[in-house]
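Structural characterization, general
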Amino acid sequence: QLGRLLCMHHSFKNMANAAAGRREEFREIYDWVDKVPFTRVQKSFARDFSDACLVAEVIKHYAPDCVDLHNYTEALSVSRKRENWVTLNHKVLKRHLGMELSKAEIEGLCACERDAAEKALA
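Here the structure is a predicted model, which means the values were calculated and not measured.

To continue, consider the side chain of asparagine 89. Positionally, asparagine 89 belongs in helix 5 (residues 78-97). Setting aside its immediate chain neighbours within four residues, asparagine 89 contacts Lys94, Glu100, Leu101 and Ile106.

Written out as structure tokens, the structure reads:
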């Protein structure tokens, strides 16, 4: 029993250290994003950025002429999230910022994959 408890404790400690390391890895992004006055409260970074709305708000904050926020609606369904990302990718990222997300990156964002939002904002 004691061995199992020590193993569990060690495992939780490793998970906590890994999470702290990820937070430090993306600290600059978190600090940068925290300066944006969002229209909704952030709860879960991956989930909040999964529908492209907050990314559109970040871009609007720093480059107001590049994005029209009315093109993006909050979404829970993967299909609607995908529509938002495809629109943002084509109308803003590619056209105004000279970058483009791959289909795999968009799918990862829509699925709230770990670190997908951070990597997209990097």
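Back to the text.
Here we take up the pattern of salt bridges. Scanning the entire structure with this criterion turns up 7 salt bridges. The shortest N-O distance in the salt bridge between arginine 40 and glutamate 74 comes to 3.4 Å. Note that arginine 40 is positioned in the loop between helix 2 (27-33) and helix 3 (45-48) and glutamate 74 in the loop between helix 4 (53-62) and helix 5, a separation of 34 residues in sequence. For arginine 40, a relative accessible area of 19% corresponds to the buried category. Between lysine 94 and glutamate 100 there is a salt bridge, with its nearest N and O atoms 4.0 Å apart. Lysine 94 sits in the partly exposed class, given a relative accessible area of 45%. Residues joined in a network through salt bridges with shared partners are Glu24, Arg27 and Asp31.

Structurally, the α-helix is built with 3.6 residues per turn, so residues lying three or four positions apart point the same way. Taking 1.5 Å of rise per residue, 20 residues should cover 28 Å, yet helix 5 covers just 25 Å from first to last C-alpha, more than 12% shy of that figure. Looking only at helix 5, the buried set comprises Lys81, Asn84, Trp85, Leu88, Asn89, Val92 and Leu93. The inward-facing, buried residues of helix 5 abut helix 4 and helix 6 (103-110). Count one or two residues on from helix 5 and you reach glycine 98, which has phi positive near 65 degrees.

Conventions used here
Every chain is numbered on its own, with residues counted from 1 as its sequence reads. With pLDDT at 70 or above as the cut-off, local features in this predicted model cover only qualifying residues; side-chain atom pairs require 80 or more to be listed or tallied, and sums for whole chains, interfaces and linings still use all residues. The side-chain figures draw on all heavy atoms in the structure; neither hydrogens nor water molecules are used. Helical segments are the DSSP runs of H or I of at least four residues, strand segments are the runs of E of at least two, and each set is numbered from the N terminus. Any two residues having at least one pair of non-hydrogen atoms within 4.5 Å are treated as being in contact. The salt bridge criterion pairs a side-chain nitrogen of Lys or Arg with a carboxyl oxygen of Asp or Glu, the two atoms within 4 Å. Only protein chains enter the accessibility calculation, which uses a 1.4 Å probe; a residue is then buried when its area is under 20% of its type maximum, exposed when over 50%, and partly exposed in between. Here a helix's expected span is defined as the number of its residues, less one, multiplied by 1.5 Å.

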